[in-house]
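Given next are the chains, with one letter for each unit.
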Amino acid sequence: MKNCINILLIIIIIILLFLNFNKHRETFNKHIETFNNNSIQITKSIYTPLIKISKAQDFNTFGLISKLKFGIIKNPTEYKNIIIIPGLGDCILKQNNNIVWPINCSDINKNNYTSVYENNYTHLKTILNLFSALNYSSDKLNTLVYDFINLDISKIILTFKELLKKNTIIIAYDFGAVIANLCIQKLSEDEKKQINHLLLICPTIGGVPLSVREYLNGNDIINNNSTQNIDTTLLSFPNKQIYNNPVIIYNKIKYSSNNLSNLIKTNLNEDFDNSECLKIQEESLKNPKVNTIIIGSTGYNTPLCYDYMNNLRDTPKKYSISNYINTPNNNNLIEGLQVNGDLVVPTDNLYKLQSLWGDNCKLEILKNINHYSILKSYELCIIILKYLNN
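Residues numbered from 1 in each chain as written. Predicted model: local features only at pLDDT ≥ 70, side-chain atom pairs only at ≥ 80, totals over all residues. Heavy atoms only, no water.

Moving on: the overall build of the protein chain. Each helix and strand in the protein chain was counted, giving 13 helices and 15 strands. Within the protein chain, the proportion of its 390 residues that are buried is 51%. Look at the contacts in the protein chain between residues 6 or more apart in sequence, and 77% of them connect residues 24 or more apart. (Helix = DSSP H or I, 4+ residues; strand = E, 2+ residues; numbered from the N terminus. Buried < 20%, exposed > 50% of the residue type's maximum accessible area, 1.4 Å probe, protein only. Contact = heavy atoms within 4.5 Å.)

What follows is the structure, encoded as structure tokens:
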């Protein structure tokens, strides 16, 4: 009788703990849902989760995933080891047990200990659904999330090496491509042989001009006091290996990527020093020397250079132009001089990166899909399936 009472008490405790966990999880999800339903909307940012994406799937993508799920299309005969590396900020960050990203961003303190969690509302949801339809088990499907505020490269590399196994395919999106290549640069030749393919989706390797705009001015969701204290903002600055033309105009003087540091040091912060970030960025531009496929998109106005006229603290000049399709702004006014790209990454960057890396690198360009919608596209799913079966 006594044993039965003890067992009953244990069962009651387990149920209470489970209910308490679910309560916390519901509260957590409600916080993130509140962020997703927030009335503030921005059309582009280097911080990927700040851009709202539709929950609806492309009809063709939905059809493909459904066919895989119900066995109409056969699953792979061999399951590869998958490492997925999300874009910049596509995670949940907590400090002092409170969420500070992607909501409550003003509460971020760079000096506080930060814990990192996977984002339930990740932009990579369609890709994860694809692998779920392929019946990938958790031991074969790994997501490498990282603290993008205080970027600890050594810690990330250790985690990456723990996830690396024979027949690995790496799928890295946005700034995740930078992380992927930094990790690969620290592998031995034997370790590199474990990588079948490296898929880089809309990589921001070599930086993007949008990062300078958000460093100087922030955006409608996160202010520049926060963006200037995020390591990955500086690591996303345009690099001279990719950008030959000016990226900032100030007081009618054109500044290239090579002298951005002097611009900021002279006019905003005399203590500004991005030399360490520049070294890390140079490392990420080296050839990974594994089978690499760069997957980009094109057809959208993408900023190449911002004109700040005579005030770096004010938003840059807007232009009444629309060279490419689907420019998401009001009255066709666009900040900065535009080129063809995906809203964030100029298309020319991808060709330069391919040229820099040579024969081990292929390039796939998808038309009329932007930096964010590419992750839900049928075309991307087909490319991923192609290399899963190679």
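Omega for the peptide link from Trp 101 to Pro 102 comes to 5°, which places this bond in the cis form. Here Pro 102 shows up in the loop between β3 (98-101) and β4 (115-117). A positive phi angle, close to 65°, is found at Asn 135, a residue other than glycine. Residue placement: Asn 135 occurs in the loop between α3 (125-133) and β5 (141-143). Asn 135 gets classed as exposed once you look at its relative accessible area, which sits at 54%.

Time to look at the side chain of Ser 297. Here Ser 297 lies in strand β10 (residues 292-298). Within the structure, the side chain of Ser 297 is placed 2.8 Å from the backbone oxygen of Ile 369, a separation counted as a polar contact. Once you skip the residues sitting within four places of it in the chain, Ser 297 turns out to touch Cys 202, Gly 341, Asp 342, Thr 347, Leu 350, Leu 366, Ile 369, Asn 370, His 371 and Ile 374. (Polar contact = N/O pair within 3.5 Å; in protein donor to acceptor, adjacent residues only side chain to side chain.)

Between helix α2 (residues 59-69) and helix α13 (residues 378-388), the least distance of the axes is 8 Å, while the angle of their chain directions is 35°. From α2, Asn 60, Thr 61, Leu 64 and Leu 68 reach across to α13, where they touch Tyr 378, Cys 381, Ile 382 and Leu 385. Residues that form the contact of α2 with α13 fall into these classes: six nonpolar, two polar and no charged. (Axes fitted to C-alpha atoms, helices over the stretch in contact; angles between N-to-C directions. Nonpolar A, V, L, I, M, F, W, Y, C, P; charged D, E, K, R; others polar.)

Let's shift gears to the sheet that holds strand β9 (residues 253-255). Taken together, four strands build an open sheet; the order of strands is β9-β8-β11-β14 and the sheet is mixed. Each end of this open sheet is capped by a strand with a single partner; those strands are β9 and β14 (337-341). Strand-to-strand twist of the sheet, defined as the mean angle between neighbouring strand axes without regard to direction, takes the value 35°. Relative to β14, strand β11 (residues 300-307) runs antiparallel, the two being bridged by five bridges. If you follow Tyr 300 over to β14, its bridge partner there is Gly 341. (Pairing = 2+ DSSP bridges.)

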